[in-house]
Amino acid sequence: MKIITLEEHYSNLEIIEENSKYGSPSYLNELDDDTLEFYNKMRNSNDALTDINDKRFKFMEEQKVDMQILSYTNPISDSVPKEEAIKMVKKANDYLYEIVNKYPQKFKAFATLPMSDPIEAAKELERCVKEYGFVGALISGTHNNKFYDDEEFLPIFAKAAELDVVISWHPEYIPAKIQQHYYFSNSYPKNIGMQFASAGFGWHLDVGIHITRLVLSGIFDKFPNLKFISGHWGEGIPFMIDRMDQIMKPSATGLKKKISDYFKENIYYTPSGILSSNQLEYMVKIFGANHILWALDYPYINFDKCSTYFLLDSNLTDEEKELIAYKNAERILHI
Ligand code: CA
């Protein structure tokens, strides 16, 4: 069965280096030196990330992946001045285009956007879609501690709706104050606190909350054809939609529909490499197989089992498996 995976990362060494010239992103400013060193190691140590040859092709072969949708895992840091950020983003997308242009059957790409300038971000999205054939944009975390439900970011979502391309959401480190309050404790080691605050839990809820804020802002009433992709099986939100409907009714939110309607109609979900049968079955039951797409989160997750077997061996029907493996991706990303 053909397999298309959506959260497969790439980074360019030149972009990583240019980024680092401007210091740490704002969310790391309040951390002590030890913690900062840990973060920087985690962000930049993976050489498979910058590799587009042997390691990646071997992984794709082993996991039976026919096509990866590539994206930068590290966005341009919010410590980079606006004008420089715009230039760096263009260069980053140009590098990505070189790859998809060289291997058009193996790779497509999500654009990275200069979030410090929403007007320029919308223009860059249009450039990447129209000139480079990119299939959407990937947005990581927040920018200068701002969530993107703020009105100033509307041009980006308006452009995605106009171009009929998806916005894929990705976690990033969360502000130090929030990490301290919720995740660090004297009762367990600091490195556990760091993992709890980031990939072990905290940054996932951050994305789930971010998407919920956009739902509450009425973004999908403004742009009914706008589509989001939420990784890690929906970042914790699928278990809360009934409760949100119960408490935040349209009479209070002023939205045209129930909150769960937007999560079922406008939002699509991927496993991001969390190969859990229970999650898969739950998500298909709640959102339908036509709202689930495949993603392995290369190169961050190591698999000892082929992901295709995981999907093929599941209890889903053949039709459902095909939708998840590639048909939804082809339909939504216009591949
Ligand atoms: Ca990822």
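By convention here, each chain's residues receive numbers from 1 onward along its written sequence. Totals for whole chains, interfaces and linings use every residue, but because this is a predicted model, local features are given only for residues with pLDDT of at least 70 and side-chain atom pairs only at 80 or more, for both listing and counting. Calculation of side-chain values draws on the structure's entire complement of heavy atoms; hydrogens and water are dropped beforehand.

Q: Before we move on, could you go through the overall build of the protein and cite the residues and values that matter?
A: What counts as a helix is a DSSP run of H or I of at least four residues, what counts as a strand is a run of E of at least two, and both are numbered from the N terminus. When you go through the protein residue by residue, the secondary structure sums to 17 helices and seven strands. A compact globule built from 335 residues would reach a C-alpha radius of gyration of about 20 Å, and the protein, at 19 Å, matches this within 12%. Taken over 335 residues, the protein has a buried fraction of 56%. Contacts were defined at the residue level, with two residues in contact if any of their heavy atoms lie within 4.5 Å. Taking contacts inside the protein between residues at least 6 apart in sequence as the whole, the part at least 24 apart equals 78%. Note on areas: these come from Shrake-Rupley sampling with a 1.4 Å probe, and a residue is covered only by the protein chains present in the view. Accessible surface for the protein amounts to roughly 14,900 Å². Of this, 50% is attributable to carbon and sulfur atoms. Every radius of gyration here is taken over C-alpha atoms, with the globule rule written as 2.2 Å times N^0.38, N being the number of residues. Exposed residues in this analysis have more than 50% of their type's maximum accessible area, buried residues have under 20%, and partly exposed residues fall in between, with area computed by a 1.4 Å probe over protein chains only.

Q: Describe the packing of aromatic side chains, naming the residues involved and giving the relevant values.
A: Pairing of aromatic rings covers Phe, Tyr and the six-membered ring of Trp, with a centre-to-centre limit of 6.5 Å; geometry is then stacked below 30 degrees between planes, edge-to-face above 60, and tilted otherwise. Per the stated rule, a full pass over the model turns up 24 aromatic pairs. Judged by centre distance (6.2 Å) and plane angle (40°), the ring pair of Phe 59 and Phe 303 falls under tilted. Of this pair, Phe 59 sits in helix α4 (residues 54-62) while Phe 303 sits in the loop between α15 (277-287) and α16 (307-312), and the two are 244 residues apart along the sequence. You'll find Phe 59 and Phe 303 in the same group, each marked buried. A ring pair is formed by Phe 157 and Phe 228, whose centres lie 5.9 Å apart and whose planes are at 55°; its orientation type is tilted. Of this pair, Phe 157 sits in helix α7 (residues 154-163) while Phe 228 sits in strand β6 (residues 228-230), and the two are 71 residues apart along the sequence. Pair check on accessibility: Phe 157 and Phe 228 agree, each one buried. The rings of Tyr 148, Phe 153, Phe 157, Trp 169, Phe 220, Phe 228 and Tyr 262 are connected pair by pair, giving a single aromatic cluster.

Q: So what about the sheet that holds strand β5 (residues 166-170)? Which residues, and what values?
A: The parallel open sheet is built from four strands, whose spatial order is β4-β5-β6-β7. Looking at which strands have only one partner, the edges of the open sheet turn out to be β4 (136-140) and β7 (267-269). Between one strand axis and the next, the sheet turns through 30° on average, direction left out of account. Taken together, the five bridges between β4 and β5 define a ladder with parallel strand orientation. Bridging across to β5, Leu 138 finds its partner in Ser 168. In this analysis, axes come from line fits to C-alpha atoms, helices being fitted only over the stretch in contact, and the angle between any two N-to-C directions falls in the range 0 to 180 degrees. With respect to the sheet, helix α10 (residues 202-216) is in contact with β5, β6 and β7, its orientation differing from that of β5 by roughly 145°. Two strands make a pair as long as DSSP finds a minimum of two bridges between them.

Q: I'd love a proper account of a nonpolar patch on the surface, names of residues and values included.
A: Patch membership requires over 30% relative accessible area and the absence of a salt bridge. Like charges are linked within 9 Å, and nonpolar side chains (Val, Leu, Ile, Met, Phe, Trp, Tyr) within 5 Å. Each reported salt bridge corresponds to a side-chain nitrogen of Lys or Arg within 4 Å of a carboxyl oxygen of Asp or Glu. Together, Phe 196, Phe 201, Leu 205 and Ile 209 make up a nonpolar patch on the protein surface, roughly 320 Å² of accessible area in all. Of note, Ile 209 is situated in helix α10. Given the relative accessible area of 46%, Ile 209 is considered partly exposed.

Q: Describe in detail the sheet that holds strand β1 (residues 4-10), supporting the description with residues and values.
A: In spatial order, the strands read β1-β2-β3; together these three strands make up an open sheet with parallel pairing. Two strands lie at the open edges of the sheet, namely β1 and β3 (107-109), each paired on one side alone. Taken pair by pair, the neighbouring strands of this sheet meet at an average axis angle of 35°, ignoring direction. Relative to β3, strand β2 (residues 67-72) runs parallel, the two being bridged by three bridges. Looking at β3, one finds that Gln 68 is bridged to Phe 107. Sitting on the sheet, helix α5 (residues 82-102) touches β1, β2 and β3, and the angle it makes with β2 is about 165°.

Q: I'd love a proper account of the pattern of salt bridges, names of residues and values included.
A: If you walk through the whole model with that rule in mind, you get 16 salt bridges. In this structure, the salt-bridge partner of Lys 2 is Glu 330, at a minimum N-O distance of 2.5 Å. Taken together, the residues Lys 2 in the segment before β1 and Glu 330 in helix α17 (residues 318-332) connect sequence positions 328 residues apart. Notably, a salt bridge pairs Lys 227 with Asp 164, separated by 3.3 Å at the nearest N-O pair. Here Lys 227 is found in the loop between α11 (219-222) and β6, whereas its partner Asp 164 is found in the loop between α7 and β5, with 63 residues between them in sequence. Connected via shared salt-bridge partners are Glu 126, Lys 130, Lys 159 and Glu 162.

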